[in-house]
Amino acid sequence: MSVIAGQLLDMFGRRFVAGACQVGKAIAALLLTIGTAQGWLNREAMFAILFLSGTARAFEIPTMHSILPGIVPAPLLSRAIAASATAQQTATICGPALGGFLYAGLGPAGVYAVCTAVFVCASVLMILVTITRRASERKPVSLETLFAGF
């Protein structure tokens, strides 16, 4: 999906794509919340929701990597990349532990509801990010531009 995501980033604004990814993940978390609370969540529904969430995540990762150079001045970019990687690793390690505590206190539907709220907040905050555009040549979508990264 990252090849397709690269084309979308060239066609649409990075903030829009990142916000849409957060909305997609919010919808997936909302469906998990409702399905868990109402008891209709089965294997097929879980796979469909996982597909939605995974697709949003597949577009989100290259989008977030491409946004960073547009919001951080060039002299600070290496530090910003290190800080971003550290934050990602911290979230990967601490997130499941926090989820476990939430699960113990709120149950599974509560955890999904908290995730929904966080994703909605993230989508709103992405709209507020100011990205500095650097001059670049926009080429029409073709097989050549699709595979240019390879």
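Residues numbered from 1 in each chain as written. Predicted model: local features only at pLDDT ≥ 70, side-chain atom pairs only at ≥ 80, totals over all residues. Heavy atoms only, no water.

### Quick notes on the nonpolar core
If you look at the biggest cluster of nonpolar residues, it comprises six residues: Ala5, Leu9, Val17, Cys21, Ala56 and Phe59. Going through the elements one at a time, α1 (2-11), α2 (14-38) and α3 (43-71) are the ones with two or more residues in this core. Among all residues touching Ala56, those that are not within four sequence positions of it are Cys21, Gly24 and Lys25. (Core = buried A, V, L, I, M, F, W, Y, C linked by side-chain atoms within 4.5 Å. Buried < 20%, exposed > 50% of the residue type's maximum accessible area, 1.4 Å probe, protein only. Helix = DSSP H or I, 4+ residues; strand = E, 2+ residues; numbered from the N terminus. Contact = heavy atoms within 4.5 Å.)

### So, the environment of Ala26
Inspection of the secondary structure puts Ala26 in helix α2. Along the sequence, Ala26 and Ala56 sit 30 residues apart, while their C-alpha atoms lie 9.9 Å from each other. If sequence neighbours within four positions are ignored, Ala26 has contacts with Thr116, Phe119 and Val120.

### Here's the deal with the side chain of Lys25
Along the polypeptide, Lys25 turns up in helix α2. With relative accessibility at 9%, the residue Lys25 sits in the buried group. The contact partners of Lys25, leaving out residues within four places of it in the chain, are Ser53, Ala56, Arg57, Glu60 and Phe119.

### So, the layout of surface pockets
Counted as a void, the largest pocket has a volume near 1,400 Å³. In terms of lining, the largest pocket is formed by 40 residues, of which the most central are Gln22, Lys25, Arg57, Glu60 and Gln88. Within the residue set of the lining of the largest pocket, elements represented by two or more residues are α2, α3 and α4 (77-128). Broken down by element, the residue count for the lining of the largest pocket peaks at 20 residues, all from α4. Grouping the constituent residues of the lining of the largest pocket by class yields 28 nonpolar, nine polar and three charged. (1 Å grid on protein atoms, 1.4 Å probe; cavity = no way out; pocket = protein on both sides within 12 Å on 5 of 7 lines; lining within 4 Å. Points joined across faces, edges and corners; volume = space filled by probe spheres on them. Nonpolar A, V, L, I, M, F, W, Y, C, P; charged D, E, K, R; others polar.)

### Concerning the packing of α3 against α4
Two quantities define a packed helix pair, namely the angle between the axes and the distance from one axis to the other. Contact pair α3 / α4: the axes reach a minimum separation of 10 Å and the direction vectors enclose 140 degrees. At the point where α3 passes α4, the crossing takes the right-handed sense. Note on element contacts: α4 touches α3 through Leu77, Ala80, Ile81, Ser84, Gln88 and Met126, opposite Arg57, Met64, Ile67, Leu68 and Pro69. Residues of the contact of α3 with α4, tallied by class, amount to eight nonpolar, two polar and one charged. (Axes fitted to C-alpha atoms, helices over the stretch in contact; angles between N-to-C directions. Left-handed = near helix turned anticlockwise from the far one by under 90°.)

### Things to note about a nonpolar patch on the surface
A contiguous nonpolar patch, built from Val23, Ile27, Leu30, Leu31, Ile34, Trp40 and Leu52 and spanning about 520 Å² of accessible area, is present on the exposed surface. Counting residues per element, the nonpolar patch draws most heavily on α2, at five residues. Within the fold, Val23 resides in helix α2. (Patch = residues over 30% accessible without salt bridge, like charges linked within 9 Å, V, L, I, M, F, W, Y side chains within 5 Å. Areas by Shrake-Rupley, 256 points an atom, 1.4 Å probe, with all protein chains shown as cover. Salt bridge = Lys/Arg side-chain N within 4 Å of Asp/Glu carboxyl O.)

### Let's talk about the pattern of salt bridges
Enumeration over the complete set of coordinates arrives at three salt bridges. When the shortest N-O distance is used, the salt bridge between Lys25 and Glu60 registers 2.7 Å. Of this pair, Lys25 sits in helix α2 while Glu60 sits in helix α3; the two residues are 35 residues apart in sequence, bridging distant segments of the chain. Pair check on accessibility: Lys25 and Glu60 agree, each one buried. A salt bridge links Arg57 to Glu60; its shortest N-O distance comes to 3.0 Å. Here the residue Arg57 and the residue Glu60 both occupy positions in helix α3, the gap between them amounting to three residues, near one helical turn.

### Let's talk about α3
Over its 29 residues, α3 extends 41 Å from the first C-alpha to the last, a length consistent with the 42 Å expected when each residue adds 1.5 Å. For α3, the set of buried residues is Ala45, Ile49, Thr55, Ala56, Phe59, Glu60, Pro62, Thr63, Ile67, Leu68 and Gly70. You can read the cap of α3 off the contacts: a side-chain oxygen lies 3.3 Å from the backbone nitrogen of Glu44, and it is on Asn42. (Expected span 1.5 Å × (residues − 1). Polar contact = N/O pair within 3.5 Å; in protein donor to acceptor, adjacent residues only side chain to side chain.)

Read these as geometric descriptors, not functional statements.
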